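# Breakdown of the fold
This is what each chain is made of:
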Amino acid sequence: MSTPPSPVSPAAARPPKLPSRLLQSSKYFRRRSSVQQLQYVASASVGGTYYRTFSVVVFTAIVLCLMLYSSLRRQLDAKGCNLPYYSPSYAKIKSFGTDHTRFASKYSLFLYREQTLDNTREPRGVPVLFIPGNAGSYKQVREIAAEAAHQYYDALFAKGTFRDDPGSSSLDFFTADFNEDYTAFHGHTLLDQAEYLNDAVAFILSLYNPIRADNGEDIPLPRSVILLAHSMGGIVARTMLTLPNYRPDSVNTIVTLSTPHVVPPATFDWDIVNIFENVNRYWRQAYSENLVGKNPLASVSLISIAGGRLDSIVPSDFTSVSSLLPSTNGFTVFSSTIPNVWTGVDHLAVVWCDQLRRVIAQALLHVVDSREPTQTKSLEARMDVFRSHFLTGLEPGMTKKVPFALSHDTLLRVQDMPSIYTQLQQKRVTLRGLGNIRQPQVHLFPIPNDPNTAKDDILSILTDQTLELEGKDQRVDILLCQSSHRNTVESDHLHTFTNVLDFSKPDSRSLTFMCSNLAQDKILLPASTKDSKYSHDGSSFSYVTYKMGDLFKYQYVAVVDSYTDENPGFVMLEIIDSTNYKHDMHLDLKSSLSGDSTMTFLAGGPGFTEVTLRGLSNSIISYKLDLSPSKCTSDELFAPLIRQFISDPYESKYFPRARKVQVGFHGVAPFVPLASLPGGKFSEQQQSLKLQIWRDPTTACGEKQEKITLRVSVDTLGSLGNLVIRYRTAIAALPLAIVGMVLLMQFNIYDSSGTFITFGAALEAFVGKALPILCLVSAAFIALSPHLFPTSTLPFIDPADQLQGASDADARVNDDKVYRTMRDNDLFLGISDPRLCLLGPLLFTLATGMCIVVYYVAAVVLLFIATMLDCVDAMKLHSMPSPGADAPQMPSGPVPSHLRTSRERVGEFFSGTMLLQFFTFLLKQLFVGIYNLISMLAVFSGGKRLLTIFTLLLIVSAYVPFQFAFIVVFIVHVNTCIKSLRAQSHQYSPSERFAPMFSNFAVSILMLMIWILPINIPLLVVWIHNLSVKWTTPFSSHHSLLSIMPIILLVENMISGKMLPRSTQVKQQIVTKILLVYLIVYACLHGILNAYWLHHIVNIFALWLFIVYLQLLSGGNYTDSSDRNGGNYEGLMMKAPQTSFGSSVVIASTPSSASTTATTIQASSGSSTTVNSYFDRKLERVPSIGNKQ
């Protein structure tokens, strides 16, 4: 029996005084023993950096809670969607089989029919193909298809046709059943769907040949199909046009709902990232100047509809198409912009929201022209229809119909009497109390034609009345009129007018005016009254505005009041000076944070005001508006109404009865292209937020020059919620960069001193030393990246730039300007606004806090499992039979107290009553079963392990994705970490003892693998889904053995418990550091947009570590760092030295006394461990887990 180790003197146990740059100095570690090193790190972590670590964790928890609260409660659009009604039926097209597509056994095609309306199963209208999104159902077509059927047949039954349009037709909605595939996570699935749909389009068009021939219809056969797509289905639709099996001109109209067009929502698959890159480049090139006249997409219109801030699945920033095609071919519009919708919608509600589906169905019916082979109107006519249905009419560049009309639509006759003329007093007049004389009357307002009226001045007309061209409930008409040269119009010319309003009397002189009804150019606004709460409440105002320079041929504005009873309605006309209604506010972040950004208006000023908030263009920051109320509101016509808007994309929000308003918008966003092609917008300044304010200037207080104040300030809490959806993939990238930095520190110390400190100790040192520097560098990078870090200087960091084909490279040269502009905001967090430079330090701090929490949670779980397994072993040892003739003999002598603690006391605790015995049995069976399951792949002998690895690689190469193998390897490595922790507490027999410091190294590798899990799990989910649909079909991708073999080999080699040898050559140390630096830099710069590559970098790093292990086996220039003092150290969680089971045992000894106070047992792996000999002999009797007693 060896003598027990001598106690350590207080002087020896006390950590020595060290230089302030301990972790950067390798000389100190060379001069101190392992125990002294680790004692210092443990004490420093408690006394020096513990409070910093705790502060980071608390800060992370608080900020994450605030972000979650903000994303769920703040800056959200009010939910205003009504529930739809429908009677669906689906007819499966069974004839679309293997003769037409190779995916017939995987996917299906259906034809939607609305019951009671569609009486035939045969398609007779214009074909529309609905494409579901990620995990979407083919039944999601029912809401829009049902509404289109009702609108068409209701109009047909009422008038005999649809809007008197001879080219009108019903719509045949086809829908594809993709078995709810996960297209957002798997690129091959997306390509399969696109190829299948191209085959489906060809088949759908062939269905109309025999039908129309049999019916003898004089209608051309359709040559194109309208595509209606939801979510990722929009990317499938655009991908269809790039595939070889696409029939030219078979698609010319695409409407997408909440589709991420420019950035993939999940970047865990290389195929997805590559598809987005190639498809977007194809569309940009098609509309480039080099392909003018040869554009394959020249006639294609693309409308992207976004849901806004309620969409918590796809960031609405990603729905922008301004960088893909010119404004003549498409645009992006938000649901809150669309008239009579005026509400945000979430990702699923965008297909069933009743208000939105009505507008979509109406727009689709109006773009149809069955007289054309394409079954749709021309591109220009289609875009006019989409603009008139989806845009407000207030957008810049919107064409007015009335001023440029070649003919008039209304003939007006009135009595020639002075009372019909009303002068515009101070360029403003208001009609209150309509119908007050209880008979129809006409008000004529002469349009000023004096030189003081500038051409850019505007005529503004606002009313709470409904303006329509025709309708039996019509009570107010507003007309632009010019005097007729003759007081009478011949009867044969009356047919040229669609409406005749005659208020003349036979016995009196009358005047005749040729007029145009302003209902053609009306703009609907949400009503803003004292009872209004939300913009989608239902009622609306009508607003008309013209530039005075466009009204040169008109002399009067006529308001026809047809009420015969009193009505509280109003009509307000105003001519506004162009220099008086437009204002600019220049805001910087400092003034916005302090709330000093204010602007004042006179209460008696213009009733319409437009304010441009210069500098407010980034969608990450949310704001608060405070509009001070007027002191006199008793006689006001309407409450203030605010419209916030940007023009790229078309996003508007209305705030009725505006006082305090939360403003959030989707302008310049991370990773979204900042520029577009010709016809689009190139300037970030044009994306500045603008406000339009309507208010009543006619109150009594308006004459007293009362001032109204508009105050703008940053909503800090509301802005935190914007980070959640825009930086979701950063949850894997940035923490992985932190882990890489911690590993770099561990390897630096290991190479210099031979001590591989724990991950927790290195993490705490990182918080105290490196995190402040990292925060400073990240802030400087955001502020200086547009000037110092152009993307052209960093191509070697992003492999996506290197893996493109030659044709793509040539295309990039041809489209270099657009491509470079798009890639300018792809680095790091995708922002280059100096005002957001603090965002980098914030996210890095949060990533560090997440690493700390995950590490300690993993440590607690590992220690808990290891401790419970020690309990099971102790119970087995306690229940062993008494020594007999054949039984192995236990050595005599007193049982050490620490052994009794881990054996007898646990047995005594669990052997009190029958209930406790039953609980003991269940607990033992549970932990032993789980442990045996986890250990199944790790307890084999060497030959069996090789067979297992070979079998796993064979399955990966043929059937399962390599992500499955990664999960298996991860479980095996968890088992290795548990066994290493148990070896620390000396509960294993000597043959199973692990090398000193191996536990530290194993847990560090485990942390690396934990943060790779989020990248691999989505593909595994896709494989499991495909397995549940058709298990006999092998997975279509991700069978590369090279993508997982190095990790398998490293984990398999670590099962033996060998510690990674320390290299003695500088070149070999540099390789390790270069790989870690590459991981860090790539995770920071490109990890969010290309998260898939992080797995491959870790795989390369694992390959290098395996090579290091091979160097050890072959006797290379490596040193086994397992000294006699390194076998006992502070343990996983940096706890104080303890001797109870389940905790690490620290034997403090000096190098000189180590050999005389302990016995060294040389393991077969070449490592040595200092333990108590009697303790070892007693534990040799503990049976191994999983073996029979």
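Scroll up for the structure.
Cut-offs applied
Residues numbered from 1 in each chain as written. Predicted model: local features only at pLDDT ≥ 70, side-chain atom pairs only at ≥ 80, totals over all residues. Heavy atoms only, no water. Helix = DSSP H or I, 4+ residues; strand = E, 2+ residues; numbered from the N terminus. Buried < 20%, exposed > 50% of the residue type's maximum accessible area, 1.4 Å probe, protein only. Contact = heavy atoms within 4.5 Å. Areas by Shrake-Rupley, 256 points an atom, 1.4 Å probe, with all protein chains shown as cover. Disulfide = S-S within 2.5 Å. Pairing = 2+ DSSP bridges. Axes fitted to C-alpha atoms, helices over the stretch in contact; angles between N-to-C directions. Parallel < 35°, antiparallel > 145°, perpendicular 65-115°, else oblique. Left-handed = near helix turned anticlockwise from the far one by under 90°. Nonpolar A, V, L, I, M, F, W, Y, C, P; charged D, E, K, R; others polar. Core = buried A, V, L, I, M, F, W, Y, C linked by side-chain atoms within 4.5 Å. Patch = residues over 30% accessible without salt bridge, like charges linked within 9 Å, V, L, I, M, F, W, Y side chains within 5 Å. Salt bridge = Lys/Arg side-chain N within 4 Å of Asp/Glu carboxyl O. Phe/Tyr/Trp six-rings, centres within 6.5 Å; stacked < 30°, edge-to-face > 60°. Expected span 1.5 Å × (residues − 1). Polar contact = N/O pair within 3.5 Å; in protein donor to acceptor, adjacent residues only side chain to side chain. Lys, Arg positive; Asp, Glu negative; His and termini not counted.

### Structural notes on the overall build of the chain
Looking only at helices and strands, one finds 31 helices and 32 strands in the chain. Here the chain holds 1189 residues, and the buried ones make up 58% of them. Within the chain, contacts between residues at least 6 apart in sequence are counted, and of these 83% link residues at least 24 apart. About 49300 Å² of surface is accessible on the chain, with carbon and sulfur atoms providing 57% of the total.

### What about the state of the cysteines?
Tallying each qualifying case throughout the model produces two disulfides. The disulfide that involves C81 links it to C353, with 2.3 Å between the sulfurs. Taking the sign of the S-S torsion, about -95° here, the bridge from C81 to C353 comes out left-handed. With a gap of 272 residues between them, C81 in the loop between α4 (50-73) and β1 (88-92) and C353 in the loop between β8 (330-334) and α9 (354-367) connect regions that are remote in the sequence. Classification of C81 by relative accessible area gives partly exposed; the value is 22%. Residue classification places C353 among the buried positions, given a relative accessible area of 0%.

### Observations concerning unusual backbone geometry
A cis geometry characterises the amide bond from D648 onward to P649, with omega recorded as 0°. Topologically, P649 is positioned in the loop between β24 (641-647) and β25 (650-656).

### A look at the pairing of strand β28 (residues 707-714)
Two strands pair when backbone bridges link them, and strand β21 (residues 597-602) and β28 are joined in this way by six bridges, in the antiparallel orientation. When the bridges of β28 are listed, T600 appears paired with T709. Summarising the sheet, strand β23 (residues 623-627) and β28 pair through five bridges and their orientation is antiparallel. Its bridge partner lying in β28, D626 is registered against R711.

### Thoughts on the packing of helix α24 (residues 962-984) against helix α25 (residues 998-1010)
With their axes 9 Å apart at the nearest point, α24 and α25 run at an angle of 155° to one another. Considered as vectors, α24 and α25 are oriented roughly antiparallel to each other. When the axes of α24 and α25 are compared, the crossing they make is left-handed. When α24 is examined against α25, the residues F966, V969, F970, H973, V974, T976, C977, S980, L981 and Q984 are found in contact with a partner set consisting of F998, S999, A1002, V1003, I1005, L1006, M1009 and I1010. Within the contact of α24 with α25, the residues separate by chemical class into 13 nonpolar, five polar and no charged.

### Quick look at the nonpolar core
Counting residues in each nonpolar core, the largest one holds 161 residues, and the members touching the most others are Y727, F766, L829 and F1001. No other element matches the 16 residues that helix α15 (residues 730-753) contributes to this core. Contacts of F1001, omitting those with residues within four sequence positions, involve F747, F756, M1054, M1059, L1060, L1105 and Y1109.

### Regarding a nonpolar patch on the surface
Together, Y50, F54, V58, I62 and L66 make up an exposed nonpolar region whose accessible area comes to about 460 Å². With respect to the helices and strands, the residue F54 is situated in helix α4.

### Here's the deal with the packing of aromatic side chains
Per the counting criterion, the structure on display carries 34 aromatic pairs. Here W342 and Y654 contribute two aromatic rings whose centre-to-centre distance is 6.1 Å and whose plane-to-plane angle is 70°, an arrangement assigned as edge-to-face. Taken as a pair, W342 in the loop between β8 and α9 and Y654 in strand β25 lie far apart in primary sequence, 312 residues in all. For the ring pair F541 and F570, a centre distance of 5.8 Å and an interplane angle of 85° mean the geometry is edge-to-face. Residue F541 is located in strand β17 (residues 540-547), and its partner F570 is located in strand β19 (residues 567-576); the two are separated by 29 residues in the primary sequence. Side by side, F541 and F570 carry an identical accessibility label, which is buried.

### Regarding the sheet that holds β17
Taking strand neighbours across the sheet as the criterion, the five strands line up as β10-β19-β12-β17-β16 in an open arrangement whose pairing is antiparallel. Only two strands of the sheet have a single neighbouring strand rather than two, namely β10 (428-434) and β16 (523-526). Neighbour-to-neighbour, the strand axes of the sheet open up by a mean angle of 20°, direction not taken into account. The pairing of β10 with β19 spans six bridges and is classified as antiparallel. When the sheet's bridge partners are listed, L431 is paired in β19 with V571.

### Concerning the sheet that holds β23
Read across the sheet, four strands follow the order β21-β28-β23-β26 without closing on themselves; strand pairing throughout is antiparallel. Each of the sheet's edge strands pairs with one partner strand only, and the pair in question is β21 and β26 (660-663). Averaged over neighbouring strand pairs, the angle between their axes works out to 20° when direction is ignored.

### Points about the packing of α15 against α25
Where α15 contacts α25, the axes come no closer than 10 Å and their chain directions differ by 160°. Put simply, α15 runs roughly antiparallel to α25. For the pair α15 and α25, the crossing hand works out as left-handed. Between α15 and α25, the contacting residues are L736, V739, L743, Q746 and F747 on the first element and F1001, S1004, M1007 and L1008 on the second. Partitioned by chemical class, the residues of the contact of α15 with α25 number seven nonpolar, two polar and no charged.

### Observations concerning α4
For α4, which comprises 24 residues, the first-to-last C-alpha distance of 34 Å matches the rise-based estimate of 34 Å (1.5 Å per residue) to within 8%. Among the residues of α4, those classed as buried are T53, V56, T60, V63, M67 and S70. Directly after α4, the chain includes Q75, whose backbone phi takes a positive value near 55°.

### Section: the side chain of N198
Summarising the element assignment, N198 is placed in helix α6 (residues 187-215). Within the local environment of N198, its side chain forms a polar contact with the side chain of N245, the two groups lying 3.0 Å apart. When neighbours within four sequence positions are excluded, N198 is seen to be in contact with M240, L243, N245 and Y246.

### What about the side chain of D696?
Mapped onto the elements of the fold, D696 is located in the loop between β27 (689-694) and β28. Of the side chains bearing the opposite charge, R432 lies closest to the buried D696, which forms no salt bridge; the N-O distance is 4.1 Å. Within the structure, D696 has its side chain in polar contact with the side chain of T698 (distance 2.5 Å). Residues within four places of D696 in sequence aside, it is in contact with R432, D635, E636, L637 and F638.

### Some words on the environment of T496
Position of T496 relative to the elements: it lies in the loop between β13 (476-483) and β14 (499-502). We classify T496 as partly exposed; its relative accessible area is 45%. Separated by 86 residues in sequence, T496 and T410 have C-alpha atoms that sit 8.9 Å apart.

### Side note on α25
Spanning 13 residues, α25 covers 18 Å between terminal C-alpha atoms, matching the ideal 18 Å at 1.5 Å per step. In terms of burial, α25 is largely enclosed, as 13 of its 13 residues are buried.

### Looking at the environment of P446
Looking at the secondary structure, you find P446 in strand β11 (residues 441-446). With relative accessibility at 22%, the residue P446 sits in the partly exposed group. Along the chain, P446 and A558 lie 112 residues apart, while their C-alpha atoms are 8.7 Å from each other.

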